[in-house]
Structure formats: C-alpha cells, structure tokens
Amino acid sequence: MATPTSSSWAQLRQQARSLESQTDSLFHTYSSFVSNPAAKPSEAELRTESQLQELLQKRETVVSSLSRLLDSETALTSSATKLQNLSLHRSTLTDHRREFIRLKSTISESRSRIHLLSSVRDDINAFRSASRIEEGRSEADYMLDERDRIDNSHNVADSVLSQAYAVQSDFMDQRQLLGSINRRIVHSASQIPGINTIIAKINTRKKRDSVILASLVAACFLMVLWFR
C-alpha cells in the first residue's frame, strides 16, 4: 500500500511532467513570433507570453513542493531516484526559463530592427518629398525669373524702338529743313548774275584737288610697298 508521502510525490511529479509538456507546446507557438515579428505585439503573442510566464511560475511552485517533500522524508525512506528526479525537474525548469528569456529577447531585437527600418524608410520618404517640393519651388522660381527677364527685355526693346522712331522723326524733319534751305539757296543763286559760274569753278577746283590728293596718297602707298 502506498504511503501518503509516496502518493503526494507521484502526484507532484505527474503535475510537473504535465506542466513541462505544456511549456514545450507553448515554446513551439512562441518561437513562431521570432521568425515573423509584427511591428507591435499581437494579442496572440501577448497571450502566449503570459501563459508561459504562468506555467514557469507554477513549475517553480511544484519543484519547491517536491523539494520540501523530499526534505521531510527520513534518510531511510528517501531514495537516490527521487533526488535524481527532483534535480531533473529543476534543471529542466532552469533551461526553460533561459529559453523563454532568449526567445523574448530575440523577438524584441527583431521588432527593434523593424522599427529602425521603418523609421529610416519614413525619413527617406520625407526627404524625397521635401526634395520634390524644393525642386518644384526652384523650378517655379526659375520660371518667374525667366519671365521677369523676358519682360525686362521687352521693355528695353520698346524703349530702343521708341528712341529709334524719335530719331527717324528728327531725321525726316532735318531732311525737310535741308531741302527747304537748298531750294532757297538755288533760288537765291539764280537771282545773282555770275554766281553759277563761280560755283562751277569752285566745284571744278574741288575735284582737281581731290584728284591731286588721291594721286599723292597712291604714290606714297606705292613707295611704302616698294621700300619694304
């Protein structure tokens, strides 16, 4: 017949093995969040994490109960097998705690990398948007400057044309004035006897002086070419 101590030990060991099996199953679920972490923890992830923490706490309680139960037994009733079983449950609990911490840390690091990449992409997109806006502003400013330069060129051209028209008008007025003076001179010369003869002689002398001057220049030019 089993003693109460043996019955309690068996129940506690059965509970410990059941909790270990549940922990292994949850580890399989929790590890799936490592390979594909979301930007924010999902409800499933938070629920699995909470269940793992609760299981580890229960196992800590069961291992402590096994240890107290083994300590309460006398040296005669305790066995090396029980000590080995207790050591195995305690070692498995320690390994599972480390695995839980490792998985949790890995998920956190992966999520941090996602946040960093997202932040970098946001910064790049913001920079590109700002660059496009700045390019648009620069192009608009360039077009405005070009329009101002064209308007200034038109104004200068209009001013030059106005001055040209004014000069042309002055030339026409002077031409009419000179024509009027020439007509008066001719009319006055026709009224003075012998004035036409004098003017003809003056013109003849001018032509002769021009011929002499041209001949002299040509002779000087030929002499320069000859003595070079």
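Where an unreviewed UniProt entry is consulted, the protein chain appears under the name Golgi SNAP receptor complex member 1, with the organism given as Choiromyces venosus 120613-1. Quoted verbatim from the Function (unreviewed entry) field of the UniProt record, the comment on the protein chain reads "Involved in transport from the ER to the Golgi apparatus as well as in intra-Golgi transport. It belongs to a super-family of proteins called t-SNAREs or soluble NSF (N-ethylmaleimide-sensitive factor) attachment protein receptor." In the Sequence similarities (unreviewed entry) part of its UniProt record, the protein chain is described as follows: "Belongs to the GOSR1 family."

A. Structural context of the overall build of the protein chain. When its secondary structure is counted, the protein chain shows 4 helices and 0 strands. Expressed as a percentage of the 228 residues in the protein chain, the buried residues total 18%. Pairs at least 24 apart in sequence give 78% of the contacts found in the protein chain among residues at least 6 apart. If you sum the accessible surface of the protein chain, you get close to 17,700 Å²; carbon and sulfur atoms cover 58% of it.

B. Structural view of a negative patch on the surface. A contiguous patch of negative charge on the surface is contributed by D141, D145, D148 and D151. Positionally, D145 belongs in helix α3 (residues 80–191).

C. Geometry of the environment of T106. Assignment of secondary structure puts T106 in helix α3. A relative accessible area of 23% places T106 in the partly exposed class. Sequence separation between T106 and F33 is 73 residues; the distance between their C-alpha atoms is 9.5 Å.

D. Spatial organisation of the environment of L70. Mapped onto the fold, L70 is located in helix α2 (residues 43–72). Residues L70 and L83 lie 13 residues apart in sequence; the distance between their C-alpha atoms is 7.8 Å.

E. Quick look at the nonpolar core. W9, Y30, L52, V62, L66, L86 and F100 are the most contacted members of the largest nonpolar core, which totals 22 residues. Where this core is concerned, the elements lending two or more residues are α1 (4–35), α2 and α3. By residue number, the principal contributor to this core is α1, which donates 9 residues.

F. The pattern of salt bridges, seen in detail. Under the definition given, this model contains 5 salt bridges. Across the salt bridge formed by R111 and E45, the nearest N and O atoms sit 2.8 Å from each other. Here R111, found in helix α3, pairs with E45, found in helix α2; they are 66 residues apart in sequence, far enough to count as distant. Just as R111 is buried, E45 falls in that class too. A salt bridge links K58 to E54; the nearest nitrogen and oxygen atoms lie 3.6 Å apart. Of this pair, K58 and E54 are both found in helix α2, 4 residues apart, which corresponds to roughly one turn of the helix.

G. Local environment of the side chain of R111. Assessed through its relative accessible area of 10%, R111 is described here as buried. In this structure R111 touches P37, A38, A39, K40, P41 and E45, once residues within four positions along its chain are discounted.

H. Layout of the packing of aromatic side chains. Applying the stated criterion across every chain, the model contains 2 aromatic pairs. When the centroid spacing of 6.3 Å and the interplanar angle of 65° are considered together, the rings of Y30 and F33 count as edge-to-face. With Y30 and F33 both in helix α1 and 3 residues apart, this pair spans about one turn of that helix. Three or more aromatic residues joined by ring pairs form one cluster here, namely Y30, F33 and F100. For the cation-ring pair, K82 lies above W9, with the distance from its terminal atom to the ring centre recorded as 5.5 Å.

Conventions adopted
- Residues numbered from 1 in each chain as written.
- Predicted model: local features only at pLDDT ≥ 70, side-chain atom pairs only at ≥ 80, totals over all residues.
- Heavy atoms only, no water.
- UniProt positions renumbered as here; feature names shortened; annotations may be inferred.
- Helix = DSSP H or I, 4+ residues; strand = E, 2+ residues; numbered from the N terminus.
- Buried < 20%, exposed > 50% of the residue type's maximum accessible area, 1.4 Å probe, protein only.
- Contact = heavy atoms within 4.5 Å.
- Areas by Shrake-Rupley, 256 points an atom, 1.4 Å probe, with all protein chains shown as cover.
- Patch = residues over 30% accessible without salt bridge, like charges linked within 9 Å, V, L, I, M, F, W, Y side chains within 5 Å.
- Salt bridge = Lys/Arg side-chain N within 4 Å of Asp/Glu carboxyl O.
- Lys, Arg positive; Asp, Glu negative; His and termini not counted.
- Charge placed at Lys NZ, Arg CZ, Asp CG, Glu CD.
- Core = buried A, V, L, I, M, F, W, Y, C linked by side-chain atoms within 4.5 Å.
- Phe/Tyr/Trp six-rings, centres within 6.5 Å; stacked < 30°, edge-to-face > 60°.
- Lys NZ or Arg CZ within 6 Å of the ring centre and 35° of its normal.

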